[in-house]
Amino acid sequence: MFIGLIVFKVSVPGYRDIASLFRRKAIALWNQFKGGEGPVRITLRLVVSLFVGITLVASFFAYYQVREEKRSMREELERRASILADSLLAQNVEALVYRREPRGLDTFVRRFGSRTNLAGLEVCDAVGKPLAMTPGLQPFVAADTSTARLTLQRGEPVSQFLTLESKRMQVYARPLVYDGRVIGALLIFHNADYIENQNLSLWENTFLRVLVETLFIALTTLLIIRWSVVGPVARTVQWMREVRAGKAGVRTRPPETDLFQPLTQEITRIAKSLEVARAAAVEEARLREAAESLWTAERLRVHVHSKLQGSTLYAVSNREPYIHVYRGKSVEAQVPASGLVTALEPILRACEGTWIAHGSGDADRDTVDEHDRLRVPPEEPTYTLRRVWLGKKEEEGYYFGFANEGLWPLCHIAHTRPTFRASDWGYYQAVNQKFSDAIVQEMAGSENPTVFAQDYHFALLPRLVKEQRPDARVAIFWHIPWPNAEAFGICPWQRELLQGLLGADLVGFHTQSHCNNFLETVDRTLEARVDWDHFAVNLNGHVTRVRPFPISVEFPETAQSSPPGESVYLERAAMFKELGISATFMGVGVDRVDYTKGILERFRGVERLLEKYPSYQGHFTFVQIGAPSRTHIKRYHDLLAEVEAEAERINWRFLTPGWRPIVFLKRHHTHKEIAQYYRAADICLVTSLHDGMNLVAKEFVAARQDEHGVLLLSCFTGASRELRDALIINPYDTEQLAEAIRYGLEMDSDEQRGRMHRLRHVVRENNIYRWAGDLITELAEIRVEKEPALQTAPKSAAETASPGKVVS
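Remember, predicted model here, so these are calculated numbers, not experimental data.

Participant: Help me understand the overall build of the protein chain in this model?
Facilitator: Of the regular secondary structure elements, the protein chain holds 25 helices and 25 strands. Every one of the 808 residues in the protein chain was classed for burial, and the buried ones make up 51%. Counted over contacts in the protein chain with a minimum sequence separation of 6, partners at least 24 positions apart contribute 72%. Element-wise, carbon and sulfur atoms account for 53% of the exposed surface of the protein chain, whose accessible area totals about 38900 Å².

Shown next as structure tokens:
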């Protein structure tokens, strides 16, 4: 290699110019490297490593190539010597040796000694004594003392490459046999210097190629790094400096590159967190200046840590906050459209607790560890999700059966009869026990834990947990209405349900009227002391507090009121175009397809509006976003068909080219998609026949930063107790509903702004963080005594009913 380098330096034209240029570049990079420039240092390291690596690999292959070429040339020379020996032996040289004819042998060697690279011939006798040789060959013959001896001893051809008199020679010897015995040997001397010369030339060419290729690859790599690495890194650093200085927001995206896509995503999340934190700090400072008490995510986090004082929080719900599903061969994490998830996750994020829920996604089992746990959210894990697995029969009996064919219609005054089956009740008990066992397992080793159960799926859970962990503080929030005592008395297992709920230290409802109904039900059903002054129940020495906690939504902290600009109208026009219709006014409704939501009553109100005020025909379109729900249950399956048929009937009645009065979007929509309709709509219709709260009304208000738009709200929702500036309607009164729609569409801008401003103030002051803060405050005030475990209530006759019995 070093010999090749020396030859290359001497023989290659322009080498000095190339070397000088390379030396200048290397010195400049070295100066930048010593100067401490990070990207330059990394680049220089990479280029030097690449240069050395490529050189070593290429040198190895060059060495292998040169060695193989040398071997091939030697074999070719030996082959030629063998062929020459065959042709010489055909001249009957053995007879000349046998007869000892010096003149004939001398003529023989002189005649064949003038070929290319052939140094000469030698003929010797049986003891190796030369008999004849080509003139000038004497020094080489004298230096070679082994070849003739070896061929005479072995009786076979011998080939050797030797250095004779400072020259590389190939000596080929063939024994001379006469009358069956070896009488001498024929030696052929070839000059092999040309092989070494060609090898040296090959080294020179290979080194030159390797050097040029290495320089080209190194320079190309340097340029690629400059364009694809150093440049994007520098721009990203500049972007992060602007974010840190508050000059850029998360809407200003960082430089995009496929190479750094994961890093870019993570940096974007960090920047978003930084912007949120800065916005929260600015908001907190503003609130302190204005002496306001707005609840924020940061305030909730501090509050939870302060109130729970190290107590670990365990939330329990049927629905999980993140569902993992397969999309082709990849796994995607989805956030279900659920007000419960929106309400609970800020609490779990704040206290880094554990959420126990039913794993329902087809990829859920493939994303948990051996203990059925995983950390969430995926982009920034802050709490643990523990999944509980249910079999098909368990899900059908507990969820679709007892919970949604029994308790759901029982608690909603929507004129759908509840169905109670003993088999469903058995599965409901078994699943509650399964969740209780999972909670107790998660709480192992935790002192004074806090359990927060959710909704009508887990009425038995509080007592089951208390029986095993009496030191735990247990709360349950009932997200649906609680009916009056007479209505609840329909349930065959009302005593067991109430006893299960009263195992909790705190039971929460949306409204005070629901609390009153619950206490009246307890008073009529159980032998318990109801304290109406303090809204508490004492059952067998265990006290349960009953409180209203109106649930809400997250209010955008950085939202600023803005007038309805041209963008709102353009967005509405674009949405109408996407829907394939032409209209002026838009109404929106967002619901699960459920018989409690009053969707059919809503459609009939729109129909009556178009009947009574024909001027709105061709101009007003109502968009109903309806997510199919619980379609395994016949009542829901039939309802979905009814809704579609009613929408089709009304559209057919007012058929006009390019316009439809009702657009029914029958699929699940993301929060982002729904928010577009909230912003673009003139009116939002919430016509629930009976609803614990209804978060759609509050979501619509929170989305209207322009302080325009009109909310029509059913008087049978819990939200109507808070949102007094909505147009409160009775969904059963079709005439009133039609008039309210007309009034909302014709309401002047000042009245819209005034009403929406007051609605937004209510939702802002009573946001989801206040709900969580108030509930945690109430729960933290409960001092759990080291009371004995609760005794299991005796089974009732209804509980032991035979499987399959139906009570309606």
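Participant: Help me out: how do you make sense of a nonpolar patch on the surface in this one?
Facilitator: There is a patch of nonpolar side chains on the surface, built from V48, V52 and L56 and spanning about 260 Å² of accessible area. Within the fold, V48 resides in helix 3 (residues 38–89).

Participant: Is there a simple way to think about the side chain of S552 in this case?
Facilitator: Turning to its location among the elements, S552 is positioned in the loop between strand 18 (542–548) and helix 18 (566–579). One polar contact links the side chain of S552 to the main-chain carbonyl oxygen of N766, over a distance of 2.8 Å.

Participant: Can you help me understand the sheet that holds strand 19 (residues 585–592) in this one?
Facilitator: Across a sheet, strands are paired by hydrogen bonds formed along the backbone, either parallel or antiparallel in direction. Strand order in the open sheet formed by 6 strands is 21-20-19-22-23-24, and the pairing between neighbours is parallel. A strand with exactly one partner marks an edge of an open sheet, and here the two such strands are strand 21 (662–665) and strand 24 (727–729). Averaged over all adjacent pairs, the angle separating strand axes in this sheet is 20°, with direction ignored. In terms of strand pairing, strand 19 meets strand 22 (residues 683–686) through 2 bridges, oriented parallel. When the bridges of strand 22 are listed, V588 appears paired with C684. Of the strands in this sheet, strand 19, strand 22 and strand 23 (710–714) touch helix 22 (residues 695–703), which is tilted by about 170° from strand 23.

Participant: Would you mind showing me how to read the pattern of salt bridges here?
Facilitator: Any two side chains of opposite charge can pair, so long as their charged atoms come close to each other. Applying the stated criterion across every chain yields a total of 48 salt bridges. One salt bridge connects R758 with D725, and the closest N-O pair in it is separated by 2.9 Å. On the criterion of sequence distance, the pair formed by R758 in helix 24 (residues 749–765) and D725 in the loop between strand 23 and strand 24 is long-range, its members being 33 residues apart. According to the relative accessible area criterion, R758 is partly exposed, its value standing at 42%. The network of salt bridges with common partners includes R604, E607, R608, E611, K612, E646, R649, R653, E735, E739, R742 and E746.

Participant: Sorry, what's going on with helix 23 (residues 734–746) here?
Facilitator: Think of an α-helix as turning once every 3.6 residues; residues three or four places apart then point the same way. Compared with the 18 Å implied by 1.5 Å per residue over 13 residues, the 18 Å span of helix 23 between its first and last C-alpha is a close match. The N-capping residue of helix 23, defined by a side-chain oxygen 3.3 Å from the backbone nitrogen of E735, is D733.

Participant: Would you mind going over the sheet that holds strand 3 (residues 158–164) with me for this structure?
Facilitator: Taken together, the 5 strands give an open sheet; going across it, the order is 2-1-5-4-3, and neighbouring strands pair in antiparallel fashion. On the outer flanks of this sheet lie strand 2 (130–133) and strand 3, each paired with one strand and no other. Averaged over neighbouring strand pairs, the angle between their axes works out to 25° when direction is ignored. Looking at chain direction, strand 3 and strand 4 (residues 167–178) are connected through 7 bridges and run antiparallel. By the bridge assignment, T163 is partnered in strand 4 with R168. Against the sheet, helix 5 (residues 102–111) contacts strand 1 (118–125), strand 2 and strand 5 (181–191), and its axis sits at roughly 40° relative to strand 2. The sheet contacts of helix 7 (residues 147–154) involve strand 1, strand 3, strand 4 and strand 5, and relative to strand 3 the element is tilted by about 165°.

Participant: Which parts of the structure should I look at to understand the packing of aromatic side chains?
Facilitator: Each aromatic ring pair is characterised by the separation of its centres together with the angle its planes make. A full pass over the atoms with the stated rule returns 29 aromatic pairs. Between W532 and F535 the ring centres are 6.4 Å apart and the planes differ by 75°, which places this aromatic pair in the edge-to-face class. Put simply, the rings of Y398, Y399, F400, F402, F420, W425, Y428, F435, F458 and W493 touch in pairs and so form one group of aromatic residues. Sitting over the face of the ring of F161, R74 holds its NZ or CZ atom 4.4 Å from the ring centroid. Directly above the ring of W295 sits R299, whose terminal nitrogen or CZ lies 4.2 Å from the centroid.

Participant: Which parts of the structure should I look at to understand the packing of helix 13 (residues 422–442) against helix 14 (residues 461–468)?
Facilitator: The description of two helices packed together rests on the angle between their axes and the distance between the axes. Between helix 13 and helix 14, the shortest axis-to-axis distance is 9 Å and the interhelical angle comes to 40°. Between helix 13 and helix 14, the angle is such that the two are oblique. Of the two elements, helix 13 crosses helix 14, and the hand of that crossing is right-handed. Taken together, the residues of helix 14 that come into contact with helix 13 (itself represented by N432, Q433, F435, S436, D437, I439 and V440) are L461, L464, V465 and Q468. Broken down by class, the residue content of the contact of helix 13 with helix 14 amounts to 6 nonpolar, 4 polar and 1 charged.

Participant: Explain the pairing of strand 21 to me, please; I cannot follow it from the model alone.
Facilitator: On any regular strand, side chains alternate: one points to one face of the sheet, the next to the other face. Here strand 21 shows no split at all, with I662 and F664 on one side and V663 and L665 on the other all buried. Relative to strand 21, strand 20 (residues 620–627) is paired through 4 bridges, and the arrangement is parallel. Counterpart to Q624 in the pairing with strand 21 is F664. In the classification by handedness, the crossover that spans strand 20, the intervening helix 20 (residues 634–653) and the parallel strand 21 is right-handed.

Participant: In this structure, what is going on with helix 12 (residues 392–411)? I would like to understand it.
Facilitator: The principal kink in helix 12, of about 40°, is found at A403. Along helix 12, 15 of the 20 residues are buried, which leaves the element largely enclosed by surrounding structure.

Participant: Honestly, the environment of R760 in this entry has me stumped. Any pointers?
Facilitator: Examined against the element boundaries, R760 turns out to sit in helix 24. On the basis of relative accessible area, R760 is assigned to the buried category, the value being 5%. When the C-alpha atoms of R760 and A703 are compared, they prove to be 9.2 Å apart, with 57 residues separating the residues in sequence. A polar contact of 2.9 Å, which involves the side chain of R760, links it to the backbone oxygen of V701.

Participant: I would appreciate a short explanation of the nonpolar core in the present structure.
Facilitator: The tendency in soluble globular proteins is for nonpolar side chains to be buried as a group. Core analysis: the biggest nonpolar cluster contains 94 residues, and L497, F518 and I741 have the highest contact counts within it. Residue contributions to this core peak at 9 residues, all from helix 12. Beyond its immediate chain neighbours, meaning those up to four positions away, F518 contacts W482, L498, L501, L502, F509 and V546. The next biggest cluster of nonpolar side chains, apart from the first, holds 73 residues, and it includes W355, I581, Y677 and A681.

Participant: For this particular structure, what's the right way to read the environment of S146?
Facilitator: Relative to the assigned elements, S146 resides in the loop between helix 6 (138–143) and helix 7. Classification of S146 by relative accessible area gives buried; the value is 19%. Spatially, the C-alpha atoms of S146 and G128 are 9.6 Å apart, while their sequence positions differ by 18 residues.

Participant: What should I look at first to understand the pairing of strand 7 (residues 323–327) in this one?
Facilitator: The pairing of strand 7 with strand 8 (residues 330–334) spans 5 bridges and is antiparallel. Each residue of the ladder has a partner; that of H324, found in strand 8, is A333.

Participant: What am I meant to see in unusual backbone geometry here?
Facilitator: Across the chain, the bulk of peptide bonds are trans and the bulk of non-glycine residues have phi less than zero. That bond from V376 to P377 is cis: its omega, -5°, falls within 30 degrees of zero. With respect to the helices, strands and loops of the structure, P377 is situated in the loop between strand 10 (373–376) and strand 11 (383–388). Despite not being glycine, S166 has its phi angle at roughly 70°, a positive value. Tracing the chain through its elements places S166 in the loop between strand 3 and strand 4. According to the relative accessible area criterion, S166 is exposed, its value standing at 74%. Positive phi, normally seen in glycine, also occurs at F535, with a value near 50°. Examined against the element boundaries, F535 turns out to sit in the loop between strand 16 (529–531) and strand 17 (536–539). The exposure class of F535 is partly exposed, given its relative accessible area of 24%.

Rules and cut-offs
Residues numbered from 1 in each chain as written. Predicted model: local features only at pLDDT ≥ 70, side-chain atom pairs only at ≥ 80, totals over all residues. Heavy atoms only, no water. Helix = DSSP H or I, 4+ residues; strand = E, 2+ residues; numbered from the N terminus. Buried < 20%, exposed > 50% of the residue type's maximum accessible area, 1.4 Å probe, protein only. Contact = heavy atoms within 4.5 Å. Areas by Shrake-Rupley, 256 points an atom, 1.4 Å probe, with all protein chains shown as cover. Patch = residues over 30% accessible without salt bridge, like charges linked within 9 Å, V, L, I, M, F, W, Y side chains within 5 Å. Salt bridge = Lys/Arg side-chain N within 4 Å of Asp/Glu carboxyl O. Polar contact = N/O pair within 3.5 Å; in protein donor to acceptor, adjacent residues only side chain to side chain. Pairing = 2+ DSSP bridges. Axes fitted to C-alpha atoms, helices over the stretch in contact; angles between N-to-C directions. Expected span 1.5 Å × (residues − 1). Phe/Tyr/Trp six-rings, centres within 6.5 Å; stacked < 30°, edge-to-face > 60°. Lys NZ or Arg CZ within 6 Å of the ring centre and 35° of its normal. Parallel < 35°, antiparallel > 145°, perpendicular 65-115°, else oblique. Left-handed = near helix turned anticlockwise from the far one by under 90°. Nonpolar A, V, L, I, M, F, W, Y, C, P; charged D, E, K, R; others polar. Right-handed = clockwise from strand over helix to strand, strands pointing away. Bend = angle between axes of the 7 residues up to and from the residue. Core = buried A, V, L, I, M, F, W, Y, C linked by side-chain atoms within 4.5 Å.

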